[in-house]
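The chain contents come next:
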Amino acid sequence: MTSQEFKNTILIKSPHYANSRIPLIQLLANKGSKKSEYSQFGPIYELYIYAFMLGIKKNLRLPLPPRSLTTEFAKIGTWKRDSSLVDFLLMIVFTRSEEIGFEWNDLEEMEDAELNSVISKIIVFIEEYANGGLEYLHGLLDKGELENSHYMFIDLYKENLQDTISKSVKQNRL
Amino acid sequence: MASIINSISFKNFFNYFGEFEDTRYDFEEGVNIIVADNGAGKSKFFNAFLWLFYDQILDSDDKIKKGVKDIAVKIISDKAKNETPIGDSVETGIQIEYSTGRWKYQIIKSFRATRIRENITSFDSWQIVMNDVEVNQTDHILPRYKPVFDAEEKNNVIKQLILPNLRQYSFFQGEEVDSIIDFGKKSSIEDAVRTLTDISKYESLVLLTKSFKLKAERDLNRQVDLNDAQNDRFKKANEIKAELEKNYELETTKLKEFKNLYEAAEKEKNELEENFSNAERRNEFDIKIKEQNRKVNEVGEEYSKFLETLNSRFFDGNFSWISLGFENIEAEFQHKIQKFREVHYEKKALKNISNNPNKQFHFLPLDSPDSVSLKNMIEKEHCFVCDREAKEGSHAHNHFIKLKNRAVDSKKDIDFVKSNLEGFFGGLQINAQPFYNKIASIEDSILKTREKEIALNERLTKLKKELKFLKDQKKDILISGTEDENSQSIINRYKGSIKRMEQSSIQIERLEGITKRIYDSIKNTEKEIASLVPSDIPEGYLLHFNLCSDLAEATVKAKERVFDNMVNLLEQYANEHFQNLIKYNELAGGHLKFDKTPSGAIEFNYIDNKGNLVSGAAEGFQRMKKFSVVMAVISANTNKYNYPLLADAPLSAFGSAFTEGFFEATGKVFPQSIILVNDLYDKDDEMKINELGKKIIKGDLVKRVYVNQVTEGVEQVELVTTKIKLK
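Residues numbered from 1 in each chain as written. Chains lettered and ligands numbered in written order. Predicted model: local features only at pLDDT ≥ 70, side-chain atom pairs only at ≥ 80, totals over all residues. Heavy atoms only, no water.

Colleague: Help me out: how do you make sense of the pattern of salt bridges in this one?
Modeller: Once the charged atoms of two side chains with opposite charge are near each other, the side chains can pair. Residue and element names in this part refer to chain B. All chains considered together, the criterion is met by 44 salt bridges over all chains. Here Lys523 makes a salt bridge to Glu526, at a shortest N to O gap of 3.5 Å. One end of the pair, Lys523, and the other, Glu526, are both in helix H17 (residues 487–532), 3 residues apart, so they sit about a helical turn from each other. (Salt bridge = Lys/Arg side-chain N within 4 Å of Asp/Glu carboxyl O. Helix = DSSP H or I, 4+ residues; strand = E, 2+ residues; numbered from the N terminus.)

Colleague: Quick question: what am I supposed to make of the interface of chain A and chain B here?
Modeller: Accessible area lost on assembly of the parts is the figure often given for the size of an interface. The interface of chain A with chain B comprises 49 residues on the first partner and 48 residues on the second. Between chain A and chain B the total buried area reaches about 4500 Å² when both faces are included, carbon and sulfur atoms providing 65% of it. It is Met91, Trp104 and Glu108 of chain A that lose the most area in chain A upon contact with chain B, and together they represent 18% of the buried surface on that side. At the boundary of chain A and chain B, one finds 4 salt bridges. (Contact = heavy atoms within 4.5 Å. Buried area = accessible area lost by both parts, 1.4 Å probe.)

Colleague: Sorry if this is basic, but what is going on with the pairing of strand E9 (residues 134–139) of chain B here?
Modeller: Across a regular strand the side chains alternate sides, sitting on one face of the sheet and then on the other. Residue and element names in this part refer to chain B. Here E9 lies mainly inside the structure; 5 of its 6 residues are buried. The pairing of strand E7 (residues 103–115) with E9 spans 6 bridges and is classified as antiparallel. When the sheet's bridge partners are listed, Ile108 is paired in E9 with Glu134. What sits between E9 and strand E10 (residues 146–148) in their antiparallel hairpin is a turn of 6 residues. (Buried < 20%, exposed > 50% of the residue type's maximum accessible area, 1.4 Å probe, protein only. Pairing = 2+ DSSP bridges.)

Colleague: Mind showing me how you'd approach the nonpolar core here?
Modeller: Soluble, globular proteins show a tendency: their nonpolar side chains are buried together. Phe13, Ile33, Phe45 and Phe49 of chain B are the most contacted members of the largest nonpolar core, which totals 97 residues. Tallying contributions element by element places helix H19 (residues 619–636) of chain B first for this core, with 9 residues. Counting residues in hydrophobic clusters, the runner-up holds 91 residues, among them Met1, Ile44 and Val93 of chain A together with Phe340 of chain B. (Core = buried A, V, L, I, M, F, W, Y, C linked by side-chain atoms within 4.5 Å.)

Colleague: How do you make sense of unusual backbone geometry when you look at a structure like this?
Modeller: Peptide bonds are, in most cases, trans, and in most cases residues other than glycine have a negative phi. All names here are of chain B. Notably, Asp387 is not glycine yet its phi reads approximately 55 degrees, a positive angle. A residue is classified by how much of its surface remains accessible, and Asp387, at 59% relative accessible area, is exposed. Phi angles above zero are rare outside glycine, and Lys688 is one such case at about 70 degrees. Take Lys688: it is sitting in the loop between strand E17 (672–677) and helix H21 (691–697). Under the relative-accessibility criterion, Lys688 is labelled buried at 18%.

If you want it as structure tokens, here you go:
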């Protein structure tokens, strides 16, 4: 496998998400231009990447239910075309190679079948952290703790860094 | 005795939040002024009187008067609504005190609203119970009020403040003054004259004498019929007279119809003329409002698009918010790729050595010198590595060429590992740069985004405020019902009405000729009949008939004379008031002239000193003319006018030069006036009134002056009107 073939094999994979996340995804991603009371992402992959990164940040890894209870999602290669966003994601994924269970140099010695198996593990890694992030958002929604603000996602993402933007917005308005 | 309003107070009525004692306005005989900016409770104040007299409130959203009970929820102060917990109730009402002669009355109208749901503005969230009207009475000697219980008496107390048929001259809002007297409509000036003079007595006299004449004629004819000596000629003459009278009636009916047509067309023309006069001003506002609307929409769209795309900044390489918190990623990846490369190139080197043991000794890093340096070395026949000459054809020079071609040979290196992923990892590192290079500045980028949002939001709020101000200004110059009509349709209708006036005028002239001829024939026939009367008819019948005929004719003439005199008197008073109203204005002194039109209506014109018609004047000027006539109607009244004037924004179209004259004139005509104006307001002044306002309140006729204010920059639920008493 050349570098390009290896990358392509990753890019044509479609991660899955649990069927139980569908309402949450409909609420927080505005694919069909459906407005919600909460701030929304555009395409679903934005929410998915966000959830994945949130999962990584907060160290929330959660296995998915059996395949039959999941929904297939767009191929990674179609996420944010003409951008190097996916490269950045893969950079993060490959720095966690020990956790996924491979060594970079070992990859070069593997047969195609073995490589495919590693790629499958990578996809599971993405799926499980995204699932962890989605679970976190789901929990906040259920508890009524999702802040109805345009800065909701950045605030969740920034947490512990400093005061949230939403709080500063409120203070500004007082 | 004149009715004088002593005070008005509100309880949680629109922006007038609080109890009656918190919101009491005291008034005196003379001129009382309440100055308020748009939105500071001027029209709401006026609404209290609408409630008092008609149990109605003007809904400011659609400018339609509605029953108090139907829009009760809108009437309650938002602050009061907000402060009422579910299950509790709030009271809303108005209280007016007035005196007439030795009596003083207090009238309270109110309702109670109980909150049953969360949403305070929804009509479903409140249960409304109207309270009984409370009327109390005292004379000035008694210390306290006694309640009035009888419903009819309560009604009379309210009526007596301003009698219902006089309210149109005494109680009006802005442009309503235009409809009080409509000079294009015959009935309008007649109504005014009839309401204020004893012309109606003359009218009953006309009817009475006409009936006397008919009775006398019937009696006479019966006598003639009874007389044996009657002859065919007498009978025939009577038949001809009856025929003529029938004809006369027919032609008069036709004439009346054409007069009505003429009057309708003339009325339409006059109405449209008024629209023309302020169409220009309205048009100016329309253009400004359209432009402002465009700006609001543009910035509004920009703002909502900005908010909608806020989250895309996570994924846009120019912002890269998604990298926030991943400061270590670059170092971690670098560490890994370095380790990877060490092993990778080690493998490659080993492979190379096993293929070609000569490659074992390397003095230089892998792949160096680079191809550009090699090209230079070949051209200059010199080794830059060991700084020695290497002539073409020498072993060293040949080595340069071999090294330069190694890229082509490197394909052979491919199988030193099963999959060469160096390019993959290297590619990730290079491509992902936009995302990890900006991590340090993301916090700043988020703050800048927030700043931009605040700036956009502030701009939008400012633009919306300006738009509202323009709309408020335009509202003041609207004539109800014409808001949506475009100018082309006004022009077409205007031309159409003039054409109809011309056509009916021709018919009226023709029919007037015909009826005049028939009338003359009837008169001649009557003379002939008188000559044909048999001699033995008792003299008394004939005399009685002639007397009654003369009386009927004289009464009609008297009525017309009284009417004409009254119109002349009105003209005289109207001019007097008009001169007072315009005395601070630059206008050259002209004259208001009343003329009769073919339909019998009164035409009202402004004539300059040379007798030329002055037309097309601004709306404020038109209204000033009408106001002069309203005041003339009151001055021409044989009895003293005993009721207060209550007017909301009567000046809005006048212009400041008229305003001063208005307050002087109204003080002389009405025993008391309460005028609500915004024209004297000045936000930046310490006293909150402008220079003209300061001049006016110094006048002796002005007794009380209040300035209304609302708290600036608060939410609707916190909005409260407060007052400053200046005099």
